[in-house]
Amino acid sequence: MNSILEPSLSSNSSDPNPHDGPESAVTANHVAPNSERKSMMLALLDSEILGACSRQSLARILPLLSERYCSEGEQLGRLGAQADHFFLLIHGELCLRSEQGQEQTILQGCFGEEVITGSHHYRADASCVAPSHVLCFPRQAIEILVDANPALKNRLIASMMSRFSEQAVSKTTAEAGSTKAPSGSWIAALGWGLTILIPLLILEFGAQWNLSNKAIIFSAIFSSTVVMWAFSLVDDYIPSLFALLVILVTGLVPAGVILSGFSSDSFLMALSTLGLGTVVVTSGLGYRFILWMLSRLPNSQLWHNVGLFFTGSLITPIIPTANGRIAIVAPFYLDMVESLKLKSGGAAATRLAISCFGGISLFSAVFITSKSVNFAVFGLLSPQGQDKFQWLTWCLAAAVAGFTLVALNGAMAFLMFRNQERAHLPKEIVQQQLALLGKLRPREWAAVAGIVFMVVGIVTSSIHRVQPPWLGFTMFFCLLLGGSLDKKELKEKVDWTFLLYMSGITGIVATFNYLDLDKDLGVHLQILGAYMRGNFELFVLLLFVLINLIRIVVPINAAVVILATVLMPLADLNGVNAWVVGFIVLMFAEVWFLPFQCSYYLPLQELNRKHALYDEKRFLWFNAVLNFARLGAVYASIPYWKALGIL
């Protein structure tokens, strides 16, 4: 008697190795003929339970499926065997026999629902009454389907309920619903202790440090917030809300100042791009694009990395928030890792994660439209400086730094993540997945229209004088009005916690400036002006060290605003081009060593926690080394800036 994982393929099986189970049937060397793949596609679409799933999710799992041809009397599953596969009967006849001796004949439909209900074992024997053709789903494939189609789980449970006793189902459901309670640690205890102790110390001794009363209160609140971020005591958006709440309660600044983040252009742009990203992903346009790219790129790791990096770089000047870009590109990365069957946590998957993250982040300072804080630096330029450094001239002046950084990133990734993994995705399967998606649907066309509208609107903004955030909000409203982004997706798919986090950060920075703490900080940085004028190379090194220290506790945008506000006027006073100093601040402010320092890394980290895609430890080490590449990129640009006459 064979279990479901034991070999039971008949002589007419499509698997070239009859001694392997369903998992091994899905190998790089096995590609079902087109006729068989078409029958699989039709079986999926005709299934009463699976046919309601989105075509995008069905296309994603297609490479994971395998087929079995079983003869009369052959056993497919065994009572008590490990439940690793779900099955869909394409044609034939099966008999299920439960533990209580109940029998049920199946002429069509599915069985093996235990794989998704949390049960570890099948609750019935399954044998063929007649020659049968069965489609096999590994657990991973069903989990992907359930993630994309939450209602599927209820349909599978209902299907099993019609077959087993209520007692068995209740037990299975209870097993599925059990969750492991998180456990505490001494690090968390230390973090909470410092969260309370440090503000108390500041309140007690702040006057001795010549701080004003308001500066003492703000420093106490901010220190508590930073400690919560540093120790990851709670979700990242909660400390920023804590700061907002305490500042409001203490009346430290007017409510309009601390809540300014919720009415800022950055909030509108982030909301708009997250909405567009949701439509791009849920409509299937993003997945269609990645399949289209895979079908045309050479089937090698190099080109897969180039393609993903290029995708992120392409949208960098269009989407003016790194968080919005990672929201769009990260699902591409997930799809590529799963479609290419890269080893979980392996070098290939980690290098692909680096390409994904590098594509959306390395050019952040190169394009003025790539981040909202770039406009803040632009606003600190003199009127003559603003005339000189428009979109194209900004890009040209930053080109050497950008391409140097990309070259160093590519070289380091090649050296640190060399591996022998091979891509496993045959082009034929990609073409069949594209065929399953069919023609572009109205929601995909809406996503395309939204992207085109944003690109054309931003490129021509100097003509119509409409700011990009308002263009984005118009696009967002049209998506809602046309029904392309519905209420459920708006609530569940848009990352509202990030919007709260970003708005909180903006309010904290506004409070910092309102209390003139930026000017106090500037007094302590006057010595940098002398180095800026006398030895610019040394000034760059000192600024790099200073920003690395500040970035330990200060978020990116806050660090940029504080340092640019202080150093760019200082550059004008010392005869140095303010744009050069502002650009260097933008470049160095992107350094980060720990995840909490970089808000746009957090979505990728969350994706990795959920799907175990890449080796995060190696990823963070790579990023730490890449921080120093930013210093090299700036040094490489100094001769170029001198040649352009701007330094």
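Keep in mind the model is a prediction, meaning the values are calculated, not measured. (Residues numbered from 1 in each chain as written. Predicted model: local features only at pLDDT ≥ 70, side-chain atom pairs only at ≥ 80, totals over all residues. Heavy atoms only, no water.)

Let us look at the overall build of the protein. When helices and strands are counted, the protein shows 32 helices and six strands. Evaluated residue by residue, the protein yields a buried proportion of 54% over its 647 residues. When contacts within the protein are restricted to residue pairs at least 6 apart in sequence, long-range pairs at least 24 apart make up 78% of them. (Helix = DSSP H or I, 4+ residues; strand = E, 2+ residues; numbered from the N terminus. Buried < 20%, exposed > 50% of the residue type's maximum accessible area, 1.4 Å probe, protein only. Contact = heavy atoms within 4.5 Å.)

The grouping of Ile 527, Tyr 531, Leu 538, Leu 541, Leu 542, Val 545, Leu 549, Ile 552, Val 553 and Tyr 635 at the surface amounts to a nonpolar patch, some 800 Å² of accessible area in total. Every element with two or more residues in the nonpolar patch is listed here: α27 (527-534) and α28 (536-550). For the nonpolar patch, the leading source of residues is α28, giving five residues. Looking at the element boundaries, Leu 549 is found in helix α28. Take Leu 549: its relative accessible area is 54%, and that puts it in the exposed class. (Patch = residues over 30% accessible without salt bridge, like charges linked within 9 Å, V, L, I, M, F, W, Y side chains within 5 Å. Areas by Shrake-Rupley, 256 points an atom, 1.4 Å probe, with all protein chains shown as cover. Salt bridge = Lys/Arg side-chain N within 4 Å of Asp/Glu carboxyl O.)

For helix α20 (residues 427-437), the complete set of buried residues consists of Ile 429, Val 430, Gln 432, Gln 433, Leu 434, Leu 436 and Leu 437. Just downstream of α20, Gly 438 is the residue with a positive phi angle, here 75°.

Looking now at the nonpolar core. In this structure, Phe 137, Tyr 333, Trp 579, Phe 588, Leu 604 and Phe 619 are the most contacted members of the largest nonpolar core, which totals 181 residues. The element best represented in this core is helix α29 (residues 556-573), accounting for twelve residues. Excluding residues within four positions of it along the chain, Tyr 333 makes contact with Leu 308, Ala 349, Leu 352, Ala 353, Cys 356, Leu 604, Leu 607, Leu 613 and Tyr 614. One finds Ala 83, Leu 96, Ala 126 and Val 134 within the second-largest nonpolar core, a separate group that totals 15 residues. (Core = buried A, V, L, I, M, F, W, Y, C linked by side-chain atoms within 4.5 Å.)

The next point concerns the confidence of the model for the protein. On average, residues of the protein score 79 in pLDDT, and 87% of them are at 70 or above. Mean pLDDT per element in the protein: helix α1 (residues 22-25) is the minimum at 38, and helix α32 (residues 616-644) is the maximum at 94. Across residues 1-31, confidence stays below pLDDT 50; counting only partners more than four residues off in sequence or on other chains, it has 68 contacts. Across residues 165-183 the pLDDT falls below 50, and counting only partners more than four positions away or on other chains, this stretch makes 15 contacts in the model. (pLDDT = per-residue confidence, 0-100.)

So, on to the pairing of strand β1 (residues 66-70). Burial runs high along β1: five of the five residues are buried. Burial along β1 is two-sided: Ser 66, Arg 68 and Cys 70 facing one way and Glu 67 and Tyr 69 facing the other are all buried. Summarising the sheet, β1 and strand β6 (residues 124-138) pair through five bridges and their orientation is antiparallel. Bridging from a neighbouring strand, Glu 67 pairs with Leu 135 of β6. (Pairing = 2+ DSSP bridges.)

Before going further, it helps to examine the pattern of salt bridges. Pairs may arise between side chains of opposite charge once their charged atoms sit close together. Per the stated rule, a full pass over the model turns up five salt bridges. For Arg 443, the salt bridge identified is with Glu 489, shortest N-O distance 2.8 Å. One end of the pair, Arg 443, is in helix α21 (residues 442-459); the other, Glu 489, is in helix α24 (residues 487-492), with 46 residues separating them in the sequence. Judged by its relative accessible area of 25%, Arg 443 falls in the partly exposed class. Between Glu 537 and Lys 642 there is a salt bridge, with the nearest N and O atoms lying 3.8 Å from each other. Residue Glu 537 is located in helix α28, and its partner Lys 642 is located in helix α32; the two are separated by 105 residues in the primary sequence.

Counting buried positions over the 15 residues of β6 gives eleven, a clear majority of the element. Bridge analysis of strand β2 (residues 75-77) against β6 gives two bridges, and the strand direction is antiparallel. Each bridged residue has a counterpart across the sheet, and for Gly 77 the counterpart in β6 is Ala 126. Direction of pairing for strand β3 (residues 85-98) relative to β6: antiparallel, over a ladder of twelve bridges. Across the sheet, the residue bridging to His 91 is His 133, located in β6.

Here Arg 551 lies in the loop between α28 and α29. A distance of 2.8 Å separates a polar atom in the side chain of Arg 551 from the backbone oxygen of Ala 589. (Polar contact = N/O pair within 3.5 Å; in protein donor to acceptor, adjacent residues only side chain to side chain.)

All right, on to the environment of Gly 256 then. Considering the arrangement of structural elements, one finds Gly 256 in helix α11 (residues 255-258). C-alpha of Gly 256 to C-alpha of Gly 507: the two residues are 251 residues apart in sequence and 9.0 Å apart in space.

Here we take up unusual backbone geometry. Positive phi, normally seen in glycine, also occurs at Ala 612, with a value near 50°. Relative to the elements of secondary structure, Ala 612 occurs in the loop between α31 (602-611) and α32. Judged by relative accessible area, which is 44%, Ala 612 ranks as partly exposed.

This part covers the packing of helix α13 (residues 285-296) against helix α15 (residues 322-340). Running from N to C, α13 and α15 cross one another at 50°; their axes reach a closest spacing of 10 Å. Looking at the two axes, α13 sits oblique to α15. In the packing of α13 onto α15, the handedness of the crossing is right-handed. Of the residues in α15, those touching α13 at Gly 286, Tyr 287, Phe 289, Ile 290, Met 293 and Leu 294 are Phe 332, Asp 335, Met 336, Ser 339 and Leu 340. For the contact of α13 with α15, the per-class residue count stands at eight nonpolar, two polar and one charged. (Axes fitted to C-alpha atoms, helices over the stretch in contact; angles between N-to-C directions. Parallel < 35°, antiparallel > 145°, perpendicular 65-115°, else oblique. Left-handed = near helix turned anticlockwise from the far one by under 90°. Nonpolar A, V, L, I, M, F, W, Y, C, P; charged D, E, K, R; others polar.)

Attention shifts here to the packing of aromatic side chains. Taken as a whole, this structure holds 26 aromatic pairs when the rule is applied. On the numbers, 4.8 Å between centres and 5° between planes, the contact of Phe 389 with Trp 579 is stacked. One end of the pair, Phe 389, is in the loop between α18 (383-388) and α19 (391-416); the other, Trp 579, is in helix α30 (residues 578-589), and 190 residues separate them in sequence. Judged by its relative accessible area of 4%, Phe 389 falls in the buried class. Taking the relative accessible area as the measure of exposure, Trp 579 reaches 0% and is therefore buried. Geometrically, the ring pair formed by Phe 417 and Phe 622 is tilted, given 5.9 Å between the ring centres and 55° between the ring planes. Note that Phe 417 is positioned in the loop between α19 and α20 and Phe 622 in helix α32, a separation of 205 residues in sequence. (Phe/Tyr/Trp six-rings, centres within 6.5 Å; stacked < 30°, edge-to-face > 60°.)

Note on placement: His 133 falls in strand β6. Take His 133: its relative accessible area is 4%, and that puts it in the buried class. In terms of polar contacts, His 133 uses its side chain to reach the side chain of Glu 67, at 2.8 Å.

So, on to the environment of Ser 339. Residue position: Ser 339 is located in helix α15. For the pair Ser 339 and Ile 429, spaced 90 residues apart in sequence, the C-alpha separation works out to 9.8 Å.

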